[in-house]
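# Summary of structural features
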Amino acid sequence: MVFSVTRNKWQPIIKQLEAVLGKKGVIKRKEELLTYECDGLPQYRQRPALVTLPRTTEEVSAIARICHENDIPWIARGAGTGLSGGALPVEDCVLIVTARMAKVLDIDYENQRIVVQPGIINNWVTQTVTGAGFYYAPDPSSQIICSIGGNVAENSGGVHCLKYGTTTNHVLGLTIVTPEGDIVKIGGKVPETPGYDLTGLFVGSEGTLGIATEITLKILKTPDSISVVLADFNSIEEAGKAVAEIIRSGIIPAGMEMMDNFSINAVEDIVATQCYPRDAQAILLVELDGLEVEVKNYKEKVGEICLQCGARNITSAEDAPTRLKLWKGRKAAFAAMGKISPNYFVQDGVVPRSQLASVLSEISVLGEQYGYRIANVFHAGDGNLHPLILYNQAEEGSFEKVEELGGEILKLCVKVGGSISGEHGIGSDKKCYMADMFSEPDLETMQYVRSAFNPKGLANPEKIFPTPRTCGESANAQKAEFKGSQAF
């Protein structure tokens, strides 16, 4: 996609933006722009032309309108923690960064909802309402730093998405700014509204349909009772069977997570929870919540099922400090990999629960073929895999091999009836694999929707959809973009 802005046009555009935001609301010095050249996927980098820091819906609208009138591409960015390159700048673009839009606008405990700006951090929502006995359910591992706006863009999940659903299940309404700068309200304050489900369409659209500036979220009452069960196994297959049997029994845990032996030892080396047996080939963490009598009954049943499936030991915790300790290693798994390897590349795919054991076995074989260690940490309850490929980027050609290995894992997920993304989104990283999951008419239909909202293609261009059509062509294009950004 070619845009018409040339460098001699930037000065008047900067003046227009500063008239809206003030001089401190526009970042233009090259050395300051380096902060924004990538998101949580640092392998892809591109410096933006300008960064804007709005505080209100009206300011976002003015920025989008200026970009629309001057054919300037723009990208919405929250906390920059995304793992698919969704907030990666494109050449000569404007970033709209929502970090200063971090206010709670309204709380309605009676109707269990809260209205926030997009820059508010995920965990802050729960902290805001916990004193009144409420919480916000979606909890990505990065919840202490990721923003709600980014969660909406990527339809983020987390540990508790098994029982409570991903972000889309907790968004009631949105105020959005379209790529043309119009302010539109979709959804509302109640779960169901007439007409097309534009809220459902917008959540997970990765910034290609516009930018959310006010978000109405559903908050839940804090459960009467919570218990976490930790079971360790001699094999991944046994743990996978336990997952399937727990769901088959009719129990829907709040969360159900699995870690392999490599991950167990990595987190124990760093976090030292002393909760995870180092010789276990897999551990299963099962969180149960609800009424006290219900949780007690389910805890006993989960323990029985795990033992029947080959679990060696069962541990449980009801008090908050011990529960947090059991979860601490799982939450720190990504950080632990960063400690033991110069670089790691996290992939995000989904497989049917019944295919967990066989897919993990094939992933292990792929790792051996490519010569890279792979740690497996995942949301076992809904089959959302997060294989972490460890490598050293200083070795020439290593990242290209790792990308190829990651692609093979995604193709494997699709082959067994799964998906190329569970919660991280497509972004720049996985767009060339969309054709492995969707037919050409499917992709064209998605483009019709994008074009209806984003006719000039200015909002987050070059994301989600494969352009060029093949992975090889896309990889070469990304390398060329990366080299170009270094010479900027």
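Residues numbered from 1 in each chain as written. Predicted model: local features only at pLDDT ≥ 70, side-chain atom pairs only at ≥ 80, totals over all residues. Heavy atoms only, no water.

## What about the pattern of salt bridges?
- In total, this model carries 17 salt bridges according to the counting rule given.
- For D108, the salt bridge identified is with R113, shortest N-O distance 3.0 Å.
- Taking relative accessible area as the criterion, D108 reaches 16% and is therefore assigned buried.
- Where salt bridges share partners, they join E18, K23 and K28 into one cluster. (Salt bridge = Lys/Arg side-chain N within 4 Å of Asp/Glu carboxyl O. Buried < 20%, exposed > 50% of the residue type's maximum accessible area, 1.4 Å probe, protein only.)

## Topic: the nonpolar core
- Judged by nonpolar contacts, the single largest core of 47 residues is most densely connected at I246, M258, L284, C306 and L385.
- In this view, M258 contacts I236, A239, G240, V243, A282, I283, L284, N376, V377, F378 and A380; residues no more than four positions away in its chain are not counted.
- By size, the runner-up hydrophobic cluster in this structure holds 23 residues, among which are V159, A266, I283 and L285. (Core = buried A, V, L, I, M, F, W, Y, C linked by side-chain atoms within 4.5 Å. Contact = heavy atoms within 4.5 Å.)

## Let's talk about the sheet that holds strand β10 (residues 211–218)
- Spatially, five strands are ordered β5-β6-β10-β8-β9 in an open sheet, and the strand pairing comes out antiparallel. Single-partner strands in this sheet number two, and they are β5 (104–108) and β9 (183–187). Adjacent strand axes in the sheet meet at a mean angle of 15° when their direction is disregarded.
- Taken together, the four bridges between β5 and strand β6 (residues 113–116) define a ladder with antiparallel strand orientation. (Pairing = 2+ DSSP bridges. Helix = DSSP H or I, 4+ residues; strand = E, 2+ residues; numbered from the N terminus. Axes fitted to C-alpha atoms, helices over the stretch in contact; angles between N-to-C directions.)

## Here we look at a positive patch on the surface
- A surface patch of like charges, here positive, comprises K24, R55, R100 and K103.
- Considering the arrangement of structural elements, one finds R100 in the loop between β4 (94–97) and β5. (Patch = residues over 30% accessible without salt bridge, like charges linked within 9 Å, V, L, I, M, F, W, Y side chains within 5 Å. Areas by Shrake-Rupley, 256 points an atom, 1.4 Å probe, with all protein chains shown as cover. Lys, Arg positive; Asp, Glu negative; His and termini not counted. Charge placed at Lys NZ, Arg CZ, Asp CG, Glu CD.)

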